[in-house]
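Each chain, letter by letter, is given below.
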Amino acid sequence: MNQSSMGQGDSDRSGEDDRHARLRDIDESLDRLRADLTPPPADAGDNVDSGQYLAAREELEGQIELLEYERDRLRTELGLT
């Protein structure tokens with residue numbers, strides 16, 4: 001076996017390790033974002049407060065959706081699905 005093929009195996013393993021690390025990061029981020037998705041306050045206040053709450057919630061939901069998509073893609077690449 002030549003060195004270039006040995007190096008390729010190391011490179012593949014390093015890439016897989018990177019994907020596993022990214023997957024852990026994504027799971028941690030998803031946990032934090034989901035914890036931030038609190039129900040609206042009981043005293044919703046005025047329409048401005050309600051609008052700000054909805055805008056913030058939609059932004060968090062969008063971030064969660066993107067991270068879930070990336071997590072699913074990585075899990076597929078790593079054969080974890």
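Attention here is on the structure that accompanies the text. Fair warning: this is a prediction, and the values are worked out from it, not measured in the lab.

**Focus on the overall build of the protein**
- For the protein, the helix and strand inventory stands at two helices and zero strands.
- The contacts in the protein between residues at least 6 apart in sequence include a share of 79% that link residues at least 24 apart.
- By element, 48% of the accessible surface of the protein is carried by carbon and sulfur atoms, the whole surface being about 6,200 Å².

**Things to note about the side chain of Arg71**
- Within the element layout of this structure, Arg71 appears in helix 2 (residues 47-77).
- Setting aside residues no more than four positions away along its own chain, Arg71 makes contact with Leu23, Ile26, Asp27, Leu30 and Arg34.

**Concerning the nonpolar core**
- Of all hydrophobic cores here, the largest spans nine residues; its members are Leu23, Ile26, Leu30, Leu33, Leu60, Ile64, Leu67, Leu74 and Leu78.
- Counting residues per element, the ones that place at least two in this core are helix 1 (3-36) and helix 2.
- In contact with Leu33, not counting residues within four places along its chain, are Leu60, Gln63, Ile64 and Leu67.

Conventions and cut-offs
- Residues numbered from 1 in each chain as written.
- Predicted model: local features only at pLDDT ≥ 70, side-chain atom pairs only at ≥ 80, totals over all residues.
- Heavy atoms only, no water.
- Helix = DSSP H or I, 4+ residues; strand = E, 2+ residues; numbered from the N terminus.
- Contact = heavy atoms within 4.5 Å.
- Areas by Shrake-Rupley, 256 points an atom, 1.4 Å probe, with all protein chains shown as cover.
- Core = buried A, V, L, I, M, F, W, Y, C linked by side-chain atoms within 4.5 Å.
- Buried < 20%, exposed > 50% of the residue type's maximum accessible area, 1.4 Å probe, protein only.

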